[in-house]
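Chain by chain, the residues:
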2 protein chains.
Amino acid sequence: MTDLDFLRDAVGPDRVSTDEYARDEHAGDWGTHPEDEVRPDAVVWPTSTEEVSAVLAGAHERGTPVTPYAAGTGLEGNAVPAHEGISMDLTRMDGILDLRPDDLQIDVEPGVLGSAVDEAAAEHGLTFPPLPSSGDISTIGGMIATDASGMQAVKYGVVADWVLELEAVLADGTVITAGSKAVKSSAGYNLKDLIVGSEGTLAVVTRATLQLAGRPQQIKGGRAVFETFDDAAGAIADAVQSGVDVAKIELMGGFAAEVANEYVGTDLPDAPMVFVEFHADHGIDEEIEFCRTVFADYDPHSFEIAADEEMAQLWELRREMAYALDEYREDLRPLHPGDVTVPIGSFPEIVRRARAEADERDLPMACYGHAGDGNLHYEILVDPDDAAMVERGEAAYAAVVEAAIDLGGTATGEHGVGLGKRQFMEREHGAESVAAMRSIKTALDPEGILNPGKIFPDEPE
Amino acid sequence: MTDLDFLRDAVGPDRVSTDEYARDEHAGDWGTHPEDEVRPDAVVWPTSTEEVSAVLAGAHERGTPVTPYAAGTGLEGNAVPAHEGISMDLTRMDGILDLRPDDLQIDVEPGVLGSAVDEAAAEHGLTFPPLPSSGDISTIGGMIATDASGMQAVKYGVVADWVLELEAVLADGTVITAGSKAVKSSAGYNLKDLIVGSEGTLAVVTRATLQLAGRPQQIKGGRAVFETFDDAAGAIADAVQSGVDVAKIELMGGFAAEVANEYVGTDLPDAPMVFVEFHADHGIDEEIEFCRTVFADYDPHSFEIAADEEMAQLWELRREMAYALDEYREDLRPLHPGDVTVPIGSFPEIVRRARAEADERDLPMACYGHAGDGNLHYEILVDPDDAAMVERGEAAYAAVVEAAIDLGGTATGEHGVGLGKRQFMEREHGAESVAAMRSIKTALDPEGILNPGKIFPDEPE
C-alpha cells in the first residue's frame, strides 16, 4: 500500500482518492488485455504542471509506480496500471491555453478532448487534421501518448506530425520542454518525438503546442462496392500508389458489411466496401474522376459520390459498423480490437493473410481500417465461454500480427503497445533495438516509476 | 596518436589513411567555425555495415573518437572532428539497394547523393521531395544527420518526414533498426526520429528506407517584386496563413537582390523579391490566382508566373544569388552562413530584427530563406582583417539567433548544431532539456566516442 501523505501535500486532500470506485474506474480501458486486473492504490487529479511535478518527485523518492490516465479509451492497456501505485488522472488539466491563428498554432493541456481542440480551431476557420475517430471522447494527452491517428492520416499524417512542442515532467519531477514552435528545427536531439508515443513511460506531458491547418473549401465523398476483398484492397493500394489525393479511404470487409447492412437495415450487397472522402480548395471533381478511373480497373458494383447530408448517408454503414459488430451476436465478443499496418504494396496481402488465418480456424472476423495507410483493423469474434475457440482466436490474432511484421510492417499502427503488444516488440524491432529503447528508459527514469510493465516484453519486476 | 592496427583489421589496409592530404580533407566543411583546426589522426572508408560495426567496436574499446563524414557540405562543423581520432568517411557506401515503386519506397546507403536518389525515383515517375538545394553534392546520410530540408519543405516537410526506417550502428558496434517500413507505427520508442538530426553523436546510419512521392503533373512558378522588406515578408506570412498551396516560397532581401542584379546584369529594381513555385495534378492556375489575390494586399511591383524555361528564367536571380554574394566584394566575406526559423506569424518580425541588428552596427547583410517555413538565412558580410568589424558581426549574428529563440523559434532550422550553434542550446531548450539530451547520449554512448564535442554546450573533454 502506498504512502499517500506526499500526494495530499502535492495536490491537496480533495484531489486524492483511495475509494473503491475511483480505483476500479482507473483499472481498465476499452481493450481486452485485463492481465491480473491490477488496480491502482490511489488516484490523484493534478491541475497544474507544478502539481504533476510534486507528485512525480515524491513517487520517484519512494519508488512508487505512477501510471498516467485520462479518458481510458486505449485498447492495449496503455493507461491501466500493471504494478499498482498511483493513477495520475489528467482530465482536470483540460484547458485551451492559447490559440494563435497567425501562427496556425494552439497550446493545450493534456486532458482536453480532441473535439474541443477542433472546435476552438474552427472558430478561426482552422482544424486539427489528425484527430482519431474517437476524438470526441479521447484526450490530446492520450493521443500523444500512443501517437494516435485517424481516418485522415492518409492525407494529413499522424498526431506526431502535428505536435510542435511539449512541456513534460520527467520521472524525478524535472520539467522540460521538447520540440520548438518553429515548424522545423534541427537543434539537438528530437525529444519531442521520443516522448510522443512513449505511453507515459518516459515523461508526463503537461502542455502541447499543436499545429493547425485551414479547413478545406470543398468536401465530397462516398462509397464504392466491390465484388471481392482482393478487388477492394487492390483498388485502395492502386489509388495510393497512383497519388490520388484522398483525405479518407476506409476499407470494410464483406463480413463487416453484412453485419452493418443487417443492423442498419440497408439493402446493399453484403460485399466489401470502400468509403472515401476528398478535401480540396478547388478542383475536387477532377480528383474524384481520377479516383474513379483507378477504381474502374477493379470493376466496382457502384461508386457513389456526394456532398453534405447525402455524403453522410453514403457513409452511414461505416459509421454504424462498430455498434453493429458489438450487437451482432450476444455470445460472440471481439477478441482483441487493435490494428496492424504494412507498406501499402503489401496491403492486399495482409488482408488475404488475415482472412486465411481466420478461415482456417473457422472464426468469424470483421476486417476494416484506414486502408490508405496500409492500416488493417481486424476483430476476431469468439465465444468467451468456449475455451477452444478463444485459443484458436488467440492463435489467429498473433499470426496476423506476425504476418504484418514479416511484411515489413508494424504490430501497432496507432494504438500503442501497452500490455497487449509487448510480446511482439522483439520480433518487430530486434532484441538490440529493444535494448536500446530500454537504455533510454533507464536513463530518463532510473527508478522505473513511470508506467512500469508497459512496452517492454520482459521488464524486470 | 591513435592505435590504428584495429582499423586495418576492420576494413583492410587499403581503406585506412593517415596521410596529410586525407587528414586535411576531413578537417573542414563549408561553414566558418574552424575552432582550433582539429584534424583526424586517421581516415577510414568502410564499405559495409559489418565494417562500420567493427570500426566502432574497436574504437569503443579504446575510447577513440569517431566522427562520421561524407560530402563535407555542412555549415556548422557537424562532421569536422573536435577531438581528433578517426574520421569515418561513408562516401563509399553509396548504393541504391532496392526501389519498391508499389510501396513508394527506396532503400539506400548513407553515402549516396540526394540527386542520385531522386534520379532513381524519377525512372518510376516518383520523386524524393525534401531534397535540399545542395542535393546534387550532399549525401542522404548527411541530410539525415542534420535533419536537413530544402525549398519544398513548406509543402512536403523535412527529411525526417520522409525517412521511414534506419539501420544504424551504436557506439559499441551493435547494429539496430529504427522505425518501420509501414508509414505509421506506434510500436515503442521512436528511435528513428531520435537518430535523425543527432549528427552522428548517437549512431552511424548504414541504411535508410525513404518514402517517395509521385511527381506533380503541373509545375508553374515565378517571381514577385515588392516595395519593402516588410511587404515581402508580410505577403509570405499571409500566403501561408491563408493556406495557399505553394511548393516553394523564397524571400530575397533588397541587398541580396541588388548584388544579384549586378552579378547577372538584369535591370530589375534592387527591391525585395519573392520566388514561388506551385505543384499540382490539376487546378494549378486557380491556386496561382489565389496567391495573386493574397499578394495584391501588399502591392507588388510585379508578379510574373510561367512554366518550363520561362519559369527557370524568372528564378535566375535566386539561383545565382549565392555566387553573386560570394563575388560581391573581395574584401568582404560572409561571417557564418546558417539559418534561424520562427513561427510563421513572427516571420516579418525576425526579418525586421535581423535588419535592425545589422543596420545599427553598419554591417552589410544579405537576407534570404525558405520563408514559408519561417526560415531565414542571413549572411553578415565582414572584412576578416578588420577585427572591430568581425566583432560587430559576431554580436549581430548572435543577436539574431537569440531574437529567433525569443520569438519561439529555433537557432537552427535545417543545418544542425555542430560546433557553431552549441552556445545557444540552453537558451533554446533550457538547461533541464539539454541535461535530458545528455543523459540519452550517455546511455547510448557511455564512452563518448561518437562525434564528441558537438551539440552540447560544455561537454566535458
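Residues numbered from 1 in each chain as written. Chains lettered and ligands numbered in written order. Predicted model: local features only at pLDDT ≥ 70, side-chain atom pairs only at ≥ 80, totals over all residues. Heavy atoms only, no water.

If you check an unreviewed UniProt entry, chain A appears there as D-lactate dehydrogenase (cytochrome) from Halosimplex litoreum. The Sequence similarities (unreviewed entry) comment attached to chain A in UniProt states, word for word, "Belongs to the FAD-binding oxidoreductase/transferase type 4 family." According to the UniProt record, the Cofactor (unreviewed entry) comment for chain A reads "FAD". (UniProt positions renumbered as here; feature names shortened; annotations may be inferred.)

K.L.:
Mind showing me how you'd approach the overall build of chain A here?
P.N.:
Per the secondary structure count, chain A includes 16 helices and 19 strands. What you see for chain A is a C-alpha radius of gyration of 22 Å, in line with the 23 Å of a compact globule of 461 residues. Dimensions of chain A, computed from the C-alpha atoms along their principal axes, are close to 65 × 60 × 40 Å. A fraction of 72% describes how many contacts in chain A between residues 6 or more apart in sequence connect residues 24 or more apart. Accessible surface for chain A amounts to roughly 16,400 Å². Of this, 44% is attributable to carbon and sulfur atoms. Averaged over its 32 positive side-chain charges, chain A has a centre that lies 2 Å from the centre of its 88 negative ones. (Helix = DSSP H or I, 4+ residues; strand = E, 2+ residues; numbered from the N terminus. Rg over C-alpha atoms; globule rule 2.2 N^0.38 Å. Contact = heavy atoms within 4.5 Å. Areas by Shrake-Rupley, 256 points an atom, 1.4 Å probe, with all protein chains shown as cover. Lys, Arg positive; Asp, Glu negative; His and termini not counted. Charge placed at Lys NZ, Arg CZ, Asp CG, Glu CD.)

K.L.:
For this particular structure, what's the right way to read the sheet that holds strand β9 (residues 175-179) of chain A?
P.N.:
Note on sheets: strands pair through backbone hydrogen bonds, and any given pair is parallel or antiparallel. Residue and element names in this part refer to chain A. Pairing within the open sheet is antiparallel, and its five strands lie in the order β5-β6-β10-β8-β9. Strands with a single pairing partner mark the edges of an open sheet, and in this sheet they are β5 (96-100) and β9. Strand-to-strand twist in this sheet, taken as the mean axis angle between neighbours without regard to direction, amounts to 15°. In terms of strand pairing, strand β8 (residues 163-170) meets β9 through five bridges, oriented antiparallel. Its bridge partner lying in β9, E165 is registered against G179. Strands in contact with helix α4 (residues 114-122) are β5, β6 (105-108) and β10 (203-211); relative to β5, the strand with the most contacts, it is inclined by about 35°. (Pairing = 2+ DSSP bridges. Axes fitted to C-alpha atoms, helices over the stretch in contact; angles between N-to-C directions.)

K.L.:
Is there a simple way to think about the domain arrangement of chain A in this case?
P.N.:
Interfaces are often sized by the amount of accessible area the parts lose when they come together. Residues and elements named next belong to chain A. Taken as a whole, chain A is organised into domain 1 (5-89), domain 2 (96-214), domain 3 (217-320) and domain 4 (329-415). At the junction of the two partners, domain 3 supplies 16 residues and domain 4 supplies 17 residues. Looking at the side of domain 3 facing domain 4, the largest losses of area belong to F229, L251 and F255, adding up to 38% of the total buried there. Applying the counting criterion to the domain 3 and domain 4 interface returns one salt bridge. Linking domain 3 with domain 4 are five residue pairs in polar contact (both at pLDDT 80 or more). Those elements giving two or more residues to the side of domain 3 that touches domain 4 turn out to be α8 (229-241), β13 (248-252) and α9 (254-264). The biggest single contributor to the side of domain 3 that touches domain 4 is α8, with eight residues. (Domains from an automatic or database assignment. Buried area = accessible area lost by both parts, 1.4 Å probe. Salt bridge = Lys/Arg side-chain N within 4 Å of Asp/Glu carboxyl O. Polar contact = N/O pair within 3.5 Å; in protein donor to acceptor, adjacent residues only side chain to side chain.)

K.L.:
Would you explain the packing of helix α8 (residues 229-241) of chain B against helix α13 (residues 347-359) of chain B in this entry?
P.N.:
Each pair of packed helices can be described by the angle between their axes along with the distance between the axes. Residues and elements named next belong to chain B. It is the contact of α8 with α13, at a shortest axis distance of 8 Å, that shows an interaxial angle of 155°. With respect to their mutual orientation, α8 and α13 come out roughly antiparallel. The handedness of the crossing between α8 and α13 is right-handed. For the pair α8 and α13, contact is made by F229, D230, A233, G234 and A237 and by F347, P348, V351, R352 and R355, respectively. Split into classes, the residues belonging to the contact of α8 with α13 amount to six nonpolar, one polar and three charged. (Parallel < 35°, antiparallel > 145°, perpendicular 65-115°, else oblique. Left-handed = near helix turned anticlockwise from the far one by under 90°. Nonpolar A, V, L, I, M, F, W, Y, C, P; charged D, E, K, R; others polar.)

K.L.:
Would you take a moment to explain the packing of aromatic side chains for this structure?
P.N.:
The geometry of an aromatic ring pair is captured by two quantities: the separation of the ring centres and the angle between the planes. Tallied over the entire structure, the rule returns twelve aromatic pairs over all chains. Here F456(A) and Y189(B) contribute two aromatic rings whose centre-to-centre distance is 5.5 Å and whose plane-to-plane angle is 85°, an arrangement assigned as edge-to-face. Placement of the pair is F456(A) in the segment after α16 (431-444) and Y189(B) in the loop between β9 (175-179) and α7 (191-195), with the two residues belonging to separate chains. Using a relative accessible area of 1% as the deciding quantity, one classes F456(A) as buried. (Phe/Tyr/Trp six-rings, centres within 6.5 Å; stacked < 30°, edge-to-face > 60°. Buried < 20%, exposed > 50% of the residue type's maximum accessible area, 1.4 Å probe, protein only.)

K.L.:
I keep staring at the interface of chain A and chain B and nothing clicks. Help me out?
P.N.:
Between chain A and chain B, the residue contacts involve 75 residues of the former and 75 residues of the latter. Between chain A and chain B the total buried area reaches about 5,300 Å² when both faces are included, carbon and sulfur atoms providing 58% of it. In terms of surface lost to chain B, no three residues of chain A exceed K184(A), S186(A) and Y189(A), which account for 18% of the buried area on that side. Our count for the contact surface shared by chain A and chain B stands at four salt bridges.

K.L.:
Just to check I follow, could you spell out the relation of the copies chain A and chain B for this structure?
P.N.:
Copies of the same chain, two in number, are related to each other by a rotation about an axis and a translation along it. Least-squares fitting of chain A to chain B yields an RMSD of 0.0 Å, with the transformation described by 0.0 Å of translation along the axis and a rotation of 180°. Here the transformation between the copies is reduced to the relation of a two-fold axis. When the interface residues of chain A are mapped onto chain B, 100% of them again fall at the interface, so both copies present the same face. (Least-squares fit on C-alpha atoms with pLDDT ≥ 70 in both.)

K.L.:
Can you help me understand the pattern of salt bridges in this one?
P.N.:
Between side chains of opposite charge, a pair can form when the charged atoms approach closely. Inspection of the entire model under this criterion finds 62 salt bridges over all chains. Note that E167(B) is salt-bridged to R207(B), the shortest N-O span being 3.8 Å. Of the two residues, E167(B) sits in strand β8 (residues 163-170) while R207(B) sits in strand β10 (residues 203-211), which places them 40 residues apart along the sequence. Under the relative-accessibility criterion, E167(B) is labelled buried at 14%. Within this structure, E20(A), R23(A), D24(A) and R39(A) form a network of salt bridges that share partners.

K.L.:
Any chance you could explain empty space enclosed by the protein here in plain terms?
P.N.:
Gaps left between atoms show up when a probe the size of a water molecule is rolled over them. Taken as a whole and assessed by the stated rule, the structure comprises one cavity of 30 Å³ or more. Considered as a void within the structure, the largest cavity measures approximately 40 Å³ in volume. Contributing to the lining of the largest cavity are A436(A), L170(B), I176(B), L191(B), L194(B), I195(B), L202(B) and L444(B). When residues in the lining of the largest cavity are grouped by element, the largest group, three residues, is from α7(B). Here the lining of the largest cavity is built from residues that sort into eight nonpolar, no polar and no charged. (1 Å grid on protein atoms, 1.4 Å probe; cavity = no way out; pocket = protein on both sides within 12 Å on 5 of 7 lines; lining within 4 Å. Points joined across faces, edges and corners; volume = space filled by probe spheres on them.)

K.L.:
What is the right way to read helix α3 (residues 49-62) of chain B from this model?
P.N.:
Given 3.6 residues per turn, any residue in an α-helix points the same way as the ones three and four places further on. Residues and elements named next belong to chain B. Taking 1.5 Å of rise per residue, the 14 residues of α3 would be expected to cover 20 Å, and the 20 Å separating its terminal C-alpha atoms lies within 8% of that figure. Every buried residue of α3 is listed here: T49, E51, V52, S53, V55, L56, G58 and A59. Where α3 ends, the next residue or the one after it, G63, has phi of about 70°, a positive value. (Expected span 1.5 Å × (residues − 1).)

K.L.:
Would you explain the sheet that holds strand β6 (residues 105-108) of chain B in this entry?
P.N.:
Residues and elements named next belong to chain B. With antiparallel pairing, the five strands of this open sheet are ordered in space as β5-β6-β10-β8-β9. At either margin of the open sheet sits one strand with a lone partner, and together these are β5 (96-100) and β9. For this sheet, the mean angle separating the axes of adjacent strands, direction not counted, is 15°. Alignment of β5 against β6, held across four bridges, turns out to be antiparallel. Counterpart to D98 in the pairing with β6 is D107. Lying over the sheet, α3 contacts β8, β9 and β10, oriented at roughly 45° with respect to β8.

K.L.:
Before we go on, may I ask you to explain the environment of D383(B) in this structure?
P.N.:
Residues and elements named next belong to chain B. Mapped onto the elements of the fold, D383 is located in the loop between β19 (375-382) and α14 (387-406). It is 4.5 Å that separates the C-alpha atoms of D383 and L332, two residues lying 51 residues apart in sequence. Side-chain polar atoms of D383 contact the backbone nitrogen of D385, separated by 2.9 Å.

K.L.:
For this particular structure, what's the right way to read the pairing of strand β13 (residues 248-252) of chain B?
P.N.:
Taken residue by residue, a regular strand's side chains alternate between the two faces of the sheet. Residues and elements named next belong to chain B. The buried fraction of β13 is high, at five of five residues. Both faces of β13 are covered, namely the face carrying K248, E250 and M252 and the face carrying I249 and L251. Bridge count for β13 against strand β14 (residues 273-280) is five bridges, and the pairing is antiparallel. By the bridge assignment, L251 is partnered in β14 with V274. Relative to strand β18 (residues 365-369), β13 runs antiparallel, the two being bridged by two bridges. Residue pairing for β18: L251 is matched across the bridge by G369.

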